[in-house]
There are 2 protein chains.
Amino acid sequence: MSPALVCQDVSHNYDVVIVGAGPVGLMLSTCLSRWGYRVKHIDNRPEPTATGRADGIQPRSLDLLRNMGLKSAIMAHKPARVYEVAFWDPSESGKGIARTGTWASCPNFIDARYPFTTLLHQGHIERVFIADLEKNGTRIQRPWTITGFQTRNPETSEYPVQVELEHVNGTEKETVYAKYLFGGEGARSFIRQQLNIGVQHKDPIAYVWGVMDGVVNTDFPDIKMKCTIRSPHGSIMVIPREDNMVRLYIQIASSTDPDWSPRRTATEAEVQASAKKILQPYSIEWEHVEWYSVYPIGQGISDRYTLDERVFLGGDACHTHSPKAGQGMNTAFLDALNLAWKIHAVEGGFANREILKTYESERKAVAQSLLDFDNRYAKLFSQRPPATSEVQAASEVTPDAHQDTENAFIKTFKESCEFTSGYGVSYQPNALNWSPDHPAQSSLMQPKGTKLQSGRLFVIADVTRVVDANVVHLEQEIPLNGSFRIFIFAGDPVKNRAAVRDLADHLINASSFYAAYIRPDIDEVSHHEKHNPHSLFFTLCTIFAAKRHCIEIQRDAPGALGRYRDHVYADDRWDRRVPDARAPAHAKMGLDEERGGVVVVRPDGYVGMVAALVEGSGTVDALNAYFSAFCTKKFGSVAAQL
Amino acid sequence: MSPALVCQDVSHNYDVVIVGAGPVGLMLSTCLSRWGYRVKHIDNRPEPTATGRADGIQPRSLDLLRNMGLKSAIMAHKPARVYEVAFWDPSESGKGIARTGTWASCPNFIDARYPFTTLLHQGHIERVFIADLEKNGTRIQRPWTITGFQTRNPETSEYPVQVELEHVNGTEKETVYAKYLFGGEGARSFIRQQLNIGVQHKDPIAYVWGVMDGVVNTDFPDIKMKCTIRSPHGSIMVIPREDNMVRLYIQIASSTDPDWSPRRTATEAEVQASAKKILQPYSIEWEHVEWYSVYPIGQGISDRYTLDERVFLGGDACHTHSPKAGQGMNTAFLDALNLAWKIHAVEGGFANREILKTYESERKAVAQSLLDFDNRYAKLFSQRPPATSEVQAASEVTPDAHQDTENAFIKTFKESCEFTSGYGVSYQPNALNWSPDHPAQSSLMQPKGTKLQSGRLFVIADVTRVVDANVVHLEQEIPLNGSFRIFIFAGDPVKNRAAVRDLADHLINASSFYAAYIRPDIDEVSHHEKHNPHSLFFTLCTIFAAKRHCIEIQRDAPGALGRYRDHVYADDRWDRRVPDARAPAHAKMGLDEERGGVVVVRPDGYVGMVAALVEGSGTVDALNAYFSAFCTKKFGSVAAQL
């Protein structure tokens, strides 16, 4: 800290100021509040979202919400679940519409815990986050807005971002100082405009959409399914909702229409009349309309997500696209999660500030893929409806099928399923995601056979927790605590004993990555602490390829591994995807059932690196090299070379 | 109603007065409140259970709680889950104790959704019920007690039971009139004593138990498991609890001890000292004791559960046993559930009052089996610890193994697992549970091959709901609504079309059981009503042995079957227990995949009867005969014979 720093009233100092309490702002705020940061969170609306704006929660987002302990509160609202999408087209008879096919939202080839999309009023979801925030001491200040901000002396000042806030009615003003400012204010972001960051439109076509939530009486058989309906009278998208509601999306105009106007609109009655025509020969009557809105939307992507790694943008402030993709909230969640753990790693003194640059590079690439997909998805069905056999072939688990034997349709179908399920995100190589170009060079990296890929999600697997014999979901065992998750697939507890012992020994070597970040309050840590007994930045899990009753933690999990006694597992749960495996979790990861391997998973659930587990110092050397690439210290032989 | 009936202030009239707000009272109250009955519910404690008294929730009880929509609120408290029990005995070396084996609480041979016992503070469970009661307009009056009661003119009076209630401090009194009075006041039931009903003791031995809940620091490796520990210094039972707590049960004295006294007791410090000795060579220290209590308990069973089918007893008022069995709350729930639906059936004008007699006959037999089991279970381990191979053999799924090839140990083991999981309950034949002696005589009854047994629980199965493609648990699809559940396994939708059509046609025949109980408000029923569109006493489910996309409800589910559009399913979900079945749910029930069958499940989830599904009137004839045995009307040919 510079001694020249102007003395500030510390009550105005915050770790982060967050503008906007939609999904992106709430996710960021919730993570940072849980991890002990001081958050100023404002929103210009007096209340959370009251009606409309329901977004789908993808399977992958449901994993995340469960990992945060928020899933059950969301599911308590009994949301609709979409397992399949039905396609309706003009019938061959020429009269009305007929179903041409259905496909799974999240087919078998994706190994998902929750193979469905969850549909729920956004207000319910927001309130679950708000309740959690309040438990952690953060209260959203409403209705307040931002009127200005400025970053000064980021090198020397602890709180370099000055932010001007104001009550929306102008009666009160507040100046606060922050380490970071986050703009999650939606498509018309004030912060983005102030920074003069442009928006690029991938697809130059803009659309006007009508959306109507209501309760209907209809004999249309798929009213509880997600449906895409095309008819000579226009197109509609049907989305089931909680409480017997249904949402209809109807495209009212596009910029390719001869009489296009972004202000062209339609009344509630006109949309209903249009829907009645489209649904023929089926009837539909509205018992109740909860919400109706018309809005223009085009595909857009922000040029930058940050200019200085102090002021960041995320969510709709960075990317907009058609509602059909149902990706808004999910992409927002993952933007925020990506940024949250990186801020934590930097502010906790663990990682170099450089890693904050990967927020833009990782998340902007995802937004670009999403927009590309949105276009391809739209075109996919405008060409021809897929044959049932194609959909079936594409939906099956085909672990041995080669990509090149698949036709273009199946390929696009699979990609689209990966996107709509949320499992399509793949981060490119960088300091966090190992590749052969990574500074960490070791012959142990990415051992032959592994099915895990750096930058992609960890694979799901059931295992048995040794300490209490509970059958658990391994990927959910570490809560979203901001720590790197080190999964030690220990292989055979007898044959591999020396390698596990060597790993444990080298892990606590003074020059190791693990020993370098011991928590400052280490002497006061309770023996009940399960996840962070030594460091706030690592949680270890050890998984043995053995039956539970063959494992004794005291004997088989030496040193630090045994301290995480609630994170020692038996890989003894049968899995249909690897029916003949003796150790199914090892097999699903593509790791040897005898010799195992070590998997480093980033705090957001994406694989950072995989290394073989060997006798001697090799495995810890490889881990040291990986963490040396982005941590504030250098470890092992990397340190020795300095 | 007799015109001579004394005019009463109707505000003092209740359908039922319930005394005691423990598990049995709460379950009864919750069911009847949900089904629209007026309930007066009192408890002599000022608050719900504050500490201690945690009971295990069995797998079968968890099914029930889920069926009531209460499971997630209970699981939100993060209860401990017991998947395995560990047995510790004096070590062969003679020093301290050693683990001699473990076994599953609910092994694979039991087809359970939740193969674990859930352990949670009883107060949390009570509060979940209390919140539900309040939603349905019933508030527990505390601290109030019962001082007297009398049944007068049950044949002529609408509210024949006069009950005297009083605030525990004697300041207020109230006289109320009820159709039924229920005593769920625990082992020292005032109502049972007033009725002069005796208690028989199966096992003449009485025990004094100490129970201590607390947080410990120990190196005993199984502290998070359920353990039975025997040592030369005594015996202890370990039960894991929520919030890092552990419960220890320690037997302090028994009536076979030379210095036996029912008042013999032990201090907290004495019990801790004793536990330390027993656990050697492991250490244990208490960080915090939440609750400690000593109580004498013996096995007892009430001679009668009711004398007049107006005043009933249930729960601990009827049966007491050692805490080791962990059956208290579960048996209480099932007592209450058994009575609740029968009261509903009688008071709703559906069933003859005679069925109320089956409450005692069914539930007393269960209590007797439970006490028998409790004795056998205790003896099982006092003889010899089982060999690992025996436990393994007993745990496996052995559908083809014959009982007689199993040794006595395995047999007792299986029985004990069925008991501890809650799946061991089997109601004997009576008017509700069909047998060859039942008045309903039809060659279609209990078709060859069926694996369902009258008086036992329906089998679990996954199916796909046609209307929204959701994958669901068939056994959970009908909520606990007091209705009989008629599962029409429709077989092949094409080949079996005529049989399904005939069933649907005869179902709505004016003389059928189904048409006889149309709800009085039938004209005002919303088209959104899923479960009881026609009758409050039946819910129909139709399950086709076909892929979901092959089923069109309008075409394949005729008449009444199609009106239950949310209860039409595709039997197309692979099941590991019948890996080669084309229609796994049909196969698990033992029903033909082409021709199906009809299963009547009682409102409490136990199978009432199974009939073949045939063309013509035969199937509905069989159903008519079954319901004629206990309903207020006679149906079909049974009616014609009158």
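So, here's what we can say about the structure. Bear in mind the structure is a predicted one, so any value in this text is a computation, not a measurement.

Some details on the pattern of salt bridges
At step 1: A complete count under the given rule lists 82 salt bridges over all chains for this structure.
At step 2: We note a salt bridge from K179(A) to D15(A), for which the minimum N-O separation is 3.0 Å. Taken together, the residues K179(A) in strand 10 (residues 173-183) and D15(A) in strand 1 (residues 13-19) connect sequence positions 164 residues apart. Considered together, K179(A) and D15(A) belong to a single accessibility category, that of buried residues.
At step 3: Across the pair D89(B) and R230(B) runs a salt bridge whose closest N-O atoms are separated by 2.7 Å. Of this pair, D89(B) sits in strand 5 (residues 84-90) while R230(B) is found in strand 13 (residues 226-231), placing the two residues 141 residues apart along the sequence.
At step 4: Given the relative accessible area of 29%, R230(B) is considered partly exposed.
At step 5: Among the ionic contacts, a cluster of salt bridges with common partners joins D15(A), K179(A), E347(A) and R353(A).

Brief notes about the interface of chain B and chain A
At step 1: Of the residues lining the interface, 30 residues belong to chain B; the matching set on chain A comes to 30 residues.
At step 2: Note on chain B versus chain A: buried area summed over both sides is about 2,900 Å², and carbon and sulfur give 45% of it.
At step 3: When the area that chain B buries against chain A is broken down by residue, the three leading residues are Y83(B), K224(B) and H528(B), summing to 19%.
At step 4: In this structure, the connection of chain B to chain A is made through 6 salt bridges.

Some remarks on helix 4 (residues 122-135) of chain B
All names here are of chain B.
At step 1: For helix 4, built from 14 residues, the straight-helix expectation of 20 Å at 1.5 Å per residue is met to within 8% by its first-to-last C-alpha distance of 20 Å.
At step 2: Residues of helix 4 that are buried include every one of Q122, G123, I125, E126, V128, F129, I130, D132 and L133, and no others.
At step 3: Immediately downstream of helix 4, the backbone of G137 shows phi near 85°, a positive value.

So, the packing of helix 11 (residues 497-507) of chain A against helix 15 (residues 618-628) of chain A
Residue and element names in this part refer to chain A.
At step 1: Between helix 11 and helix 15, the least distance of the axes is 8 Å, while the angle of their chain directions is 45°. Between helix 11 and helix 15, the angle is such that the two are oblique. Facing helix 11, whose interface residues are L503, H506 and L507, helix 15 presents T619, V620 and L623.

Here is what the cut-offs are and how they apply
- Per-chain numbering applies: the sequence of each chain, read as written, is numbered from 1 onward.
- Chains carry letters and ligands carry numbers; both start at the beginning, A for chains and 1 for ligands, and go up in the order they are written.
- In view of the model being predicted, local features appear only for residues whose pLDDT reaches at least 70, and side-chain atom pairs are presented and counted only at 80 or more, with totals across whole chains, interfaces and linings using the full set of residues.
- To obtain the side-chain values, all non-hydrogen atoms of the structure were included, while hydrogens and water were left out.
- Just to be clear on terms, a salt bridge is a Lys or Arg side-chain nitrogen sitting within 4 Å of an Asp or Glu carboxyl oxygen.
- For the purposes of this entry, the term helix denotes a DSSP run of H or I that reaches at least four residues, the term strand denotes a run of E that reaches at least two, and both are numbered from the N terminus.
- Partly exposed residues are those whose accessible area sits between 20% and 50% of the maximum for their type, while under 20% is buried and over 50% is exposed, using a 1.4 Å probe and protein chains only.
- Pairs of residues are marked as contacts when any of their non-hydrogen atoms sit within 4.5 Å.
- Summed over both partners, the accessible area lost on bringing two parts together, with a 1.4 Å probe, is the buried area.
- Working rule for helices: expected span equals 1.5 Å times residues minus one.
- The axes are straight lines fitted to the C-alpha atoms, using for helices just the contacting stretch, and the angles between their N-to-C directions are given from 0 to 180°.
- Should an angle fall under 35 degrees it is called roughly parallel, over 145 degrees roughly antiparallel, and 65 to 115 degrees roughly perpendicular, with every other angle called oblique.

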